[in-house]
Amino acid sequence: PEVKMHGRLKVKTTAEQQEAKRKEREKKLKLYNGATQKIFQKRAKQEFDDELLMLTGQILAQNSDFYTLWNIRKEIFTHFRGTKDSDALIKLFDDELDFLETCLRGNPKSYGTWEHRCWMLMRHPKQDWKHELFLCNKFLEYDERNFHCWDYRRFVVKQSSVPKSDELDYTTNKISSNFSNYSSWHYRSKLLPELHPDQQHPVGVKEDILLNEFELAQNAFFTDPSDQSAWFYHRWLLGRGEMPLEVYTICTTRKTGRLVAGLTRPVEVGRGYRLSLKINSEIVTCSWENPFKSKVSTVWVCDIKDKLTSYYQDTTIDVTIQHGDHHNNRNFVLMPFCDEVFSRKITKPGTLFCNELSAATSDVLVRELDSIQQLHELEPDNKWVLLTTVSLMRAIDPLKHEQETMEYIDKLIQVDPCRTNYYLDLRSKYIVENTLEQLGPECRTIELDNKQLTSIAHLSHMAFITYLSAKSNKITSLKNFYLLQCVAEIDLRGNLIQDCEGLERMPILEKLDLSNNSISTIEGLASLSSCSGLVCLDVMNNPVCELENFQQDIKKHIPHLKLLNGQFL
């Protein structure tokens with residue numbers, strides 16, 4: 001039977017033909033290597049002449065991705081600018097632009113070629129931006145999604161006097177001819193804030209203009225619901241609010257004398273961000289550190305043990321985060337005979353995380369949800385419809401739509417099984433968010449048992465808790481658990497945890513239950529050595545318990561441990 005590849009008949013070559021091709025390849029390789037060697041020899045001797053220009057051109061005509069050779073040509077033209085007269089220089093530059101155009105026809109997605117063209121145009125004695133725009137039009141006719149050409153087009157428009165409104169019309173025409181043109185949508189998102197700016201709007205575009213853009217996006221995904229380009233643009237239109245920088249929680253205990261401050265956003269204290277402390281209205285100098293010793297963190301800790309007043313007096317503690325003119329503070333009073341105290345921001349249920357999903361007004365969100373649900377009736381198995389519906393429901397009222405959201409995620413797993421793990425993580429994230437949304441103002445315990453969680457998100461929002469239970473889930477990693485700087489007890493029985501990386505430098509942690517997990521090595525428990533207060537550890541029904549000298553090795557790695565698997569050491 002005939003063998004076809006890419007729709008074409010595959011013809012078997014004889015041994016003689018293969019040998020001839022091999023010899024031809026060897027001949028070309030010898031010439032290629034010889035030319036390359038000569039190029040670098042001439043460059044080393046600073047011989048930036050016509051011969052070097054010719055040699056680099058011969059190789060680049062065959063392989064335009066040889067980036068070093070484009071750099072050598074830059075050196076040649078830099079030399080020519082100081083040695084050639086005006087007319088000769090113009091001709092050399094024009095010839096180079098023609099050569100670049102030839103290279104682009106052979107490889108229209110060559111990074112080096114497009115970049116070199118930018119470099120040449122910026123130094124050309126007589127720039128012709130009109131021709132460059134015409135060139136962009138031609139290449140975008142060949143391939144309307146060539147993002148290299150779109151980038152070059154933005155460069156040309158920036159350097160020339162092309163009206164931004166004309167460019168917006170150009171994107172409209174491109175989108176009208178093909179809704180799948182992602183580059184056109186992206187270019188549109190860059191043009192609109194410049195043409196119709198509104199600094200008060202999170203997207204940066206006037207509201208009436210955005211309403212028209214919503215209609216354009218809807219026309220696109222109602223026409224072709226499976227194409228992702230319009231869906232991404234729709235996501236941009238909705239905007240993504242940024243949680244304001246605030247001190248979300250502060251807590252301290254007399255026993256450790258540590259003050260823990262949890263922020264709403266990760267920052268690097270000392271690099272434009274100032275975290276200050278007042279005790280009884282007096283500024284106190286202290287050294288802030290984060291538990292993982294990284295530059296950026298949401299949780300910061302300082303030692304105030306020697307700064308606390310008498311056990312019999314009120315102690316007012318105030319923490320302020322400042323960045324430029326912005327500042328936010330949180331405070332509490334450590335009462336007499338009280339060992340610990342905490343304070344956290346209290347929000348209306350359902351509003352703690354909504355800004356992260358969308359910055360659009362509620363009426364816009366409701367209207368968009370109504371439109372997407374109409375499309376859902378026509379396309380019940382479309383993943384983009386389902387995913388957008390979930391995002392809109394979460395932004396409008398996550399608690400009201402909790403059950404529907406979980407049903408949609410189950411549906412997403414069915415229609416898009418290749419991304420099952422992503423949807424499971426998303427489901428876990430939403431469950432944690434809903435739990436935090438409904439947490440009582442004085443509550444310092446969180447229970448997430450039997451919820452099929454694959455991970456626990458927003459640990460920085462739990463910096464104040466003293467007890468965490470997440471039994472019988474599918475958690476595999478303890479990454480970032482070190483943010484739980486006030487927790488004394490963690491119960492993670494019946495998960496899929498393989499090591500304790502992430503449970504580090506937690507001095508208040510006293511009791512940890514990791515029984516019925518998948519920890520198989522002593523090294524998997526080694527990070528617990530930095531949890532100086534840990535006295536009770538349960539790792540029953542983990543493979544590590546079967547190792548020889550298990551108890552002795554545990555005692556060696558965690559010398560302060562008192563109770564292991566229910567038995568005193």
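The name given to the protein chain in an unreviewed UniProt entry is Geranylgeranyl transferase type-2 subunit alpha, with Owenia fusiformis as the source organism. The record held by UniProt for the protein chain lists under Catalytic activity (unreviewed entry) the comment "geranylgeranyl diphosphate + L-cysteinyl-[protein] = S-geranylgeranyl-L-cysteinyl-[protein] + diphosphate".

*Asks:* Requested: an account of the state of the cysteines, with residues and values cited.
*Replies:* Any covalent bond linking the sulfur atoms of two cysteines counts as a disulfide. In total, this model carries zero disulfides according to the counting rule given. Considering cysteine sulfurs only, Cys136 is the nearest to Cys118, which forms no disulfide, with 9.1 Å between them. We note that Cys302 lacks a disulfide partner, and the nearest cysteine sulfur, in Cys286, lies 3.8 Å from it.

*Asks:* Give a detailed account of the sheet that holds strand β16 (residues 563–564), specifying residues and quantitative values.
*Replies:* Read from one edge to the other, the open sheet built from seven strands follows the order β11-β12-β13-β14-β15-β16-β17, with strand pairing classed as mixed. With one partner strand each, in any of the chains shown, β11 (445–447) and β17 (567–568) form the two edges of the open sheet. Bridging between β16 and β17 involves two bridges; their strand directions are antiparallel. Following the sheet pairing, Leu563 is matched in β17 by Phe568.

*Asks:* So what about the sheet that holds strand β4 (residues 258–267)? Which residues, and what values?
*Replies:* In spatial order, the strands read β7-β4-β3-β10; together these four strands make up an open sheet with antiparallel pairing. Two strands in the sheet have a free side with no partner beyond their single neighbour: β7 (297–303) and β10 (340–344). For this sheet, the mean inter-axis angle between neighbouring strands, taken without regard to orientation, is 15°.

*Asks:* Tell me what's going on with the pattern of salt bridges, and back it up with residues and numbers.
*Replies:* Going through the model one piece at a time under the given rule, you end up with 30 salt bridges. Note that Glu141 is salt-bridged to Lys138, the shortest N-O span being 3.8 Å. Of the two residues, Glu141 and Lys138 both sit in helix α6 (residues 129–142), three residues apart, roughly one turn of that helix. Relative accessible area serves as the criterion here: at 53%, Glu141 is assigned to the exposed category. Note on Lys138: relative accessible area 29%, which makes it partly exposed. Through salt bridges that share partners, Lys38, Lys42, Glu47, Asp49 and Glu51 make up one connected network.

*Asks:* I'd like a rundown of α6, residues and numbers included.
*Replies:* For α6, spanning 14 residues, the distance from its first C-alpha to its last is 20 Å, which sits close to the expected 20 Å at 1.5 Å a residue. Where α6 is concerned, the buried positions are Trp129, Glu132, Leu133, Leu135, Cys136, Phe139 and Leu140. Along α6, the residues classed as buried sweep out an arc of 155° about the axis, all on the same side. Opposite the buried face of α6, by more than 90 degrees, sit the exposed residues Lys130, Glu141 and Tyr142. Elements that come into contact with the buried residues of α6 comprise α4 (86–106), α5 (111–123), α7 (147–159) and α8 (164–177).

*Asks:* Please set out unusual backbone geometry residue by residue, giving values where relevant.
*Replies:* Its identity is not glycine, yet His458 carries a phi of approximately 60°, on the positive side. Relative to the helices and strands, His458 is located in the loop between β11 and β12 (467–469). Residue His458 is classed as buried on the basis of its relative accessible area of 16%. A positive phi angle is found at Arg505, which is not glycine, with a value near 50°. Looking at where Arg505 falls in the secondary structure, it is placed in the loop between β13 (489–491) and β14 (511–513).

*Asks:* Please set out the side chain of Asp491 residue by residue, giving values where relevant.
*Replies:* Summarising the element assignment, Asp491 is placed in strand β13. In this structure Asp491 touches Tyr467, Leu468, Ser469, Ala470, Lys471 and Asp513, once residues within four positions along its chain are discounted.

*Asks:* Please set out helix α10 (residues 207–223) residue by residue, giving values where relevant.
*Replies:* The end-to-end C-alpha separation of α10 is 24 Å, in line with the 24 Å expected for 17 residues at 1.5 Å each. The set of residues buried in α10 consists of Ile209, Leu210, Glu213, Phe214, Leu216, Ala217, Gln218, Ala220 and Phe221. Packed against the buried residues of α10 are α9 (182–195), α11 (228–238) and α13 (362–378).

*Asks:* Describe the pairing of strand β3 (residues 247–253), and please don't skip the residues or the numbers.
*Replies:* Most of β3 is tucked away: seven of the seven residues are buried. Bridge count between β3 and β4: five bridges; the pairing is antiparallel. Bridge pairing in β4 links Val247 to Leu263. The antiparallel hairpin formed by β3 and β4 contains four residues in its connecting segment, where Gly257 sits at a positive phi of about 70°. Here five bridges tie β3 to β10, and the two strands are oriented antiparallel to one another. Among the inter-strand pairings, Cys251 is bridged to a residue of β10, identified as Phe342.

*Asks:* Pulling in residues and values, what's your account of the environment of Leu168?
*Replies:* With respect to the helices and strands, the residue Leu168 is situated in helix α8. According to the relative accessible area criterion, Leu168 is buried, its value standing at 12%. Not counting residues up to four positions away in its chain, the partners in contact with Leu168 are Arg188, Leu191, Leu192 and Leu195.

*Asks:* Could you give an account of a nonpolar patch on the surface, naming the residues involved and the relevant values?
*Replies:* Taken together, the side chains of Tyr67, Tyr111 and Phe147 present a nonpolar region at the surface, about 340 Å² in accessible area. Residue position: Tyr111 is located in helix α5.

Here is what the cut-offs are and how they apply
- Residues numbered from 1 in each chain as written.
- Predicted model: local features only at pLDDT ≥ 70, side-chain atom pairs only at ≥ 80, totals over all residues.
- Heavy atoms only, no water.
- UniProt positions renumbered as here; feature names shortened; annotations may be inferred.
- Disulfide = S-S within 2.5 Å.
- Pairing = 2+ DSSP bridges.
- Helix = DSSP H or I, 4+ residues; strand = E, 2+ residues; numbered from the N terminus.
- Axes fitted to C-alpha atoms, helices over the stretch in contact; angles between N-to-C directions.
- Salt bridge = Lys/Arg side-chain N within 4 Å of Asp/Glu carboxyl O.
- Buried < 20%, exposed > 50% of the residue type's maximum accessible area, 1.4 Å probe, protein only.
- Expected span 1.5 Å × (residues − 1).
- Arc of directions from axis to C-beta.
- Contact = heavy atoms within 4.5 Å.
- Patch = residues over 30% accessible without salt bridge, like charges linked within 9 Å, V, L, I, M, F, W, Y side chains within 5 Å.
- Areas by Shrake-Rupley, 256 points an atom, 1.4 Å probe, with all protein chains shown as cover.

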